[in-house]
Amino acid sequence: KNPHGKPERLIIDFNDMSIEDASDYKLLLEYIQRTVKPQRDNNRRNVTRLNWWKYGEKRPAMRNSISSLSLYFTVPRVSKWAIFIPAPLNWLPGDKSVVVASDDFYKFGILSSNVHREWIQSQKSTLGLSIAYTHNTCFETFPFPQTADIKIVEKIRAKAEELHQYRTQQMETKQWGITTLYNKFFNEPSSQLYKLHQQLDNLVMAAYKIQPEEDILETLLTLNLELAEKEKQGIKIIGPWPPK
């Protein structure tokens, strides 16, 4: 709902702090001790009960994966559009978000394209009219381009950044969240949002060498099966990164 997808809540995140270090934040620790510890005292897991000031599931692998990046990409687990957005590192993603540990706008461009949307539509779970984006069905099975020319990669990266900058400017100017922006303009052929997505789609199609008359989903499924067979044979494939 907010411009840039900015979170509405502040949280208390002690992460791996010891109780001694956490006690330096007197008011915050007192709040956790008053509101959280009584519930943790009854928790059956020793580690959760004893470390009552820490998150029970603080996802250290994810934190480590994004720690050296300039930003990361995230998409809601359940939403109307399944739109990926770049997020700064001081936004701690909760369990209602799927995180892609990358700051490469080439990857952002592929995931924002109609090619990926076609795959999402075939793999998604449905909750009413919403899309449930799951990492194991929508992302991990998605076959990335294997033979894209470096010039196409650079063009996808540049177009994806242009799309991000346009969306940012529109959200700031209109004080809209990204869902409102897409509701208004994604299917409006005269809009800049529509045109930028069309340009990005054409570049991504070129990266896959998919012709306009070809069925995108059929091509992706064929590629998926080919890559799965190669992996079984121990042959290295191109994952979610630019081909060398």
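Everything discussed here concerns the structure shown above.
Caption draft 1: Spatial organisation of the overall build of the protein chain. Counting its regular elements, the protein chain contains 12 helices and six strands. Within the protein chain, buried positions represent 39% of all 244 residues. Summarising the internal contacts of the protein chain: among those between residues at least 6 apart in sequence, 62% fall at separations of at least 24. Within the structure as shown, the protein chain displays about 14,600 Å² of accessible surface, and the carbon and sulfur contribution to it stands at 51%. Positive and negative side-chain charges in the protein chain, numbering 33 and 28 respectively, have mean positions lying 5 Å apart.

Caption draft 2: Quick look at the sheet that holds strand S3 (residues 85-87). Taken together, three strands build an open sheet; the order of strands is S3-S1-S4 and the sheet is antiparallel. Edge positions in the open sheet fall to S3 and strand S4 (97-100), since each of these has one partner strand only. Ignoring which end each strand starts from, the neighbouring axes of this sheet average 40 degrees apart.

Caption draft 3: Spatial organisation of the nonpolar core. Ranked by internal contacts, the top residues of the largest apolar core, which has 55 residues, are Tyr133, Ile156 and Tyr208. Counting residues per element, this core draws most heavily on helix H11 (residues 192-208), which supplies eight residues. When residues no more than four places from it in sequence are discounted, the contact partners of Ile156 are Phe105, Tyr106, Gly109, Ile110, Leu200, Leu203, Val204 and Ala207. Counting residues in each nonpolar core, the second largest holds six residues, with Phe14, Ala22, Leu29 and Trp53 among its members.

Caption draft 4: Up close: the packing of helix H10 (residues 178-185) against H11. Running from N to C, H10 and H11 point in directions that differ by 90 degrees, and their axes come no closer than 8 Å. By the angle between their axes, H10 is roughly perpendicular relative to H11. Between H10 and H11, the residues in contact are Leu181, Tyr182 and Phe185 and Leu193, Tyr194 and His197, respectively. Classifying every residue of the contact of H10 with H11 by side-chain character gives five nonpolar, one polar and no charged.

Caption draft 5: Focus on a nonpolar patch on the surface. Among the surface-exposed residues, Ile11, Tyr55 and Leu92 lie close enough to one another that they form a single nonpolar patch of about 240 Å² accessible area. Tracing the chain through its elements places Leu92 in the loop between S3 and S4.

Caption draft 6: Up close: unusual backbone geometry. Positive phi values are uncommon outside glycine, yet His4 reaches one of about 70 degrees. Despite not being glycine, Ala82 has its phi angle at roughly 55 degrees, a positive value. Considering the arrangement of structural elements, one finds Ala82 in the loop between strand S2 (78-79) and S3. Take Ala82: its relative accessible area is 7%, and that puts it in the buried class.

Caption draft 7: Representation of the pattern of salt bridges. According to the stated counting rule, one finds nine salt bridges in the structure shown. Between Arg45 and Glu57 there is a salt bridge, with the nearest N and O atoms lying 2.8 Å from each other. Here Arg45, found in the loop between helix H3 (37-40) and helix H4 (46-50), pairs with Glu57, found in the loop between H4 and helix H5 (60-66); they are 12 residues apart in sequence, far enough to count as distant. In this structure Arg45 comes out as partly exposed when scored by relative accessible area, which is 42%. Its salt-bridge partner being Asp201, residue Arg117 comes within 3.8 Å of it at the nearest N-O pair. In this pair, Arg117 sits in helix H7 (residues 114-123) while Asp201 sits in helix H11, placing the two residues 84 residues apart along the sequence. The buried category is assigned to Arg117, whose relative accessible area is 18%. Taking relative accessible area as the criterion, Asp201 reaches 10% and is therefore assigned buried. Salt bridges linked by common partners bring Arg45, Glu57 and Arg59 together as one network.

Caption draft 8: Highlighting the side chain of Ser102. Mapping Ser102 onto the fold places it in the loop between S4 and helix H6 (105-111). From its side chain, Ser102 meets the backbone nitrogen of Asp104 in a polar contact 3.1 Å long. Filtering out sequence-adjacent residues up to four positions away, Ser102 remains in contact with Leu69, Leu71, Tyr72, Phe73 and Lys107.

Caption draft 9: Structural context of the packing of helix H9 (residues 150-174) against H10. The contact between H9 and H10 brings their axes to 10 Å, and the two run at 105 degrees. Overall, the two elements H9 and H10 adopt an arrangement that is roughly perpendicular. Taken together, the residues of H10 that come into contact with H9 (itself represented by Arg167, Gln170, Met171 and Lys174) are Ile178, Leu181, Tyr182 and Phe185. Counted by class, the contact of H9 with H10 contains five nonpolar, one polar and two charged residues.

Conventions we followed
- Residues numbered from 1 in each chain as written.
- Predicted model: local features only at pLDDT ≥ 70, side-chain atom pairs only at ≥ 80, totals over all residues.
- Heavy atoms only, no water.
- Helix = DSSP H or I, 4+ residues; strand = E, 2+ residues; numbered from the N terminus.
- Buried < 20%, exposed > 50% of the residue type's maximum accessible area, 1.4 Å probe, protein only.
- Contact = heavy atoms within 4.5 Å.
- Areas by Shrake-Rupley, 256 points an atom, 1.4 Å probe, with all protein chains shown as cover.
- Lys, Arg positive; Asp, Glu negative; His and termini not counted.
- Charge placed at Lys NZ, Arg CZ, Asp CG, Glu CD.
- Pairing = 2+ DSSP bridges.
- Axes fitted to C-alpha atoms, helices over the stretch in contact; angles between N-to-C directions.
- Core = buried A, V, L, I, M, F, W, Y, C linked by side-chain atoms within 4.5 Å.
- Parallel < 35°, antiparallel > 145°, perpendicular 65-115°, else oblique.
- Nonpolar A, V, L, I, M, F, W, Y, C, P; charged D, E, K, R; others polar.
- Patch = residues over 30% accessible without salt bridge, like charges linked within 9 Å, V, L, I, M, F, W, Y side chains within 5 Å.
- Salt bridge = Lys/Arg side-chain N within 4 Å of Asp/Glu carboxyl O.
- Polar contact = N/O pair within 3.5 Å; in protein donor to acceptor, adjacent residues only side chain to side chain.

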